[in-house]
Amino acid sequence: MIQFTSSDSSAESEIAKAESMSRRNHLHDEMRWRSVSMLQAGARQSAVARELNVHRSVIHRPWKHYQRDQNASRRHVSGRRGITSTADDRSLLQCARRRRTLTARQLMSQFSASAGRSISRQTVSRRLHEGVLFARQPVVCVLLSPAHVRARLHWTREHRSWTQSSGATYSLRESLDLTSRTIPEGQ
């Protein structure tokens, strides 16, 4: 509870301090060590949280960190997690540029073999997207039946002599549709 004094300026500063503390999710290193020493002395987490005017979870995290690592200081890390280093990212991009036909899964297995540690297919895709590259998506193709293969071969042999200069015009759609054929002029 905040106690108001006769001075208005000190009361306002106490209120501002209390409001800023109640919104805080993290403690500065000095306060973290202070909370750890209070907990070592036998105080309960809720009592320490009330004393420092923060939520109990804010006290729980440094205490758990201290018990695990014997250190209560925060690690100062910014940006994405370093699953791959910058050099790894560069080698992935270089490999993808050299062999454009590799899928993300193939790049993943190649990276695992060369680096000695595994990363996920999604991580490979993300790193390629960051480098404005995209792994090839494997396309499922419907295989032609033997009858279609024979029909296409027959059609190409039949129209082997067609050239643009002879006035023959046909589209790819017409070439695939074996029932409608354009016969070149002059034959």
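Only a predicted model underlies this, so the values are computations on that prediction, with no experimental measurement involved.

*Asks:* Which residues make up the side chain of Gln45, and what values go with them?
*Replies:* Within the element layout of this structure, Gln45 appears in helix 3 (residues 45-52). Looking at Gln45, the relative accessible area reads 17%, which means it is buried. Reaching out from Gln45, the side chain makes a polar contact with the side chain of Arg56 at a distance of 3.3 Å. At 3.4 Å, the side chain of Gln45 forms a polar contact with the side chain of His60. Filtering out sequence-adjacent residues up to four positions away, Gln45 remains in contact with Leu39, Arg56, Ile59, His60 and Trp63.

*Asks:* Residues and numbers for the packing of helix 5 (residues 86-98) against helix 6 (residues 104-115), please.
*Replies:* The contact between helix 5 and helix 6 brings their axes to 11 Å, and the two run at 130°. The pairing of helix 5 with helix 6 is recorded here as oblique in orientation. Relative to helix 6, helix 5 is oriented so that their crossing is right-handed. The residues of helix 6 that touch helix 5, namely those facing Asp88, Ser91, Leu92, Cys95 and Ala96, are Leu107, Gln110 and Phe111. Of the residues that constitute the contact of helix 5 with helix 6, the class distribution is 5 nonpolar, 2 polar and 1 charged.

*Asks:* Residues and numbers for the packing of aromatic side chains, please.
*Replies:* What describes a pair of aromatic rings is the distance from one ring centre to the other and the angle between the planes of the rings. Enumeration according to the criterion identifies 2 aromatic pairs in this entry. When the centroid spacing of 6.0 Å and the interplanar angle of 80° are considered together, the rings of Trp33 and Tyr66 count as edge-to-face. Here Tyr66 lies in helix 4 (residues 56-69) and Trp33 lies in helix 2 (residues 29-40), a separation of 33 residues in the sequence. The class for Tyr66 is buried, based on a relative accessible area of 14%. Residues Trp63 and Tyr66 carry aromatic rings whose centres are separated by 6.0 Å and whose planes lie at 20° to one another, so their mutual orientation is stacked. You can see Trp63 and its partner Tyr66 sitting in helix 4, 3 residues apart, about one turn around the helix. In terms of burial, Trp63 and Tyr66 fall into one category: buried. Among the aromatic residues, ring-to-ring pairing joins Trp33, Trp63 and Tyr66 into one connected group.

*Asks:* I'd like a description of unusual backbone geometry, backed by residues and values.
*Replies:* You will see that Gln70, though not glycine, has its phi angle at about 60°, which is positive. Counting through the fold element by element, Gln70 comes out in the loop between helix 4 and helix 5. Of note in the backbone geometry, Val132 takes a positive phi value of approximately 55° without being a glycine. Mapped onto the fold, Val132 is located in the loop between helix 7 (121-130) and helix 8 (146-158).

Parameters at a glance
Residues numbered from 1 in each chain as written. Predicted model: local features only at pLDDT ≥ 70, side-chain atom pairs only at ≥ 80, totals over all residues. Heavy atoms only, no water. Helix = DSSP H or I, 4+ residues; strand = E, 2+ residues; numbered from the N terminus. Buried < 20%, exposed > 50% of the residue type's maximum accessible area, 1.4 Å probe, protein only. Polar contact = N/O pair within 3.5 Å; in protein donor to acceptor, adjacent residues only side chain to side chain. Contact = heavy atoms within 4.5 Å. Axes fitted to C-alpha atoms, helices over the stretch in contact; angles between N-to-C directions. Parallel < 35°, antiparallel > 145°, perpendicular 65-115°, else oblique. Left-handed = near helix turned anticlockwise from the far one by under 90°. Nonpolar A, V, L, I, M, F, W, Y, C, P; charged D, E, K, R; others polar. Phe/Tyr/Trp six-rings, centres within 6.5 Å; stacked < 30°, edge-to-face > 60°.

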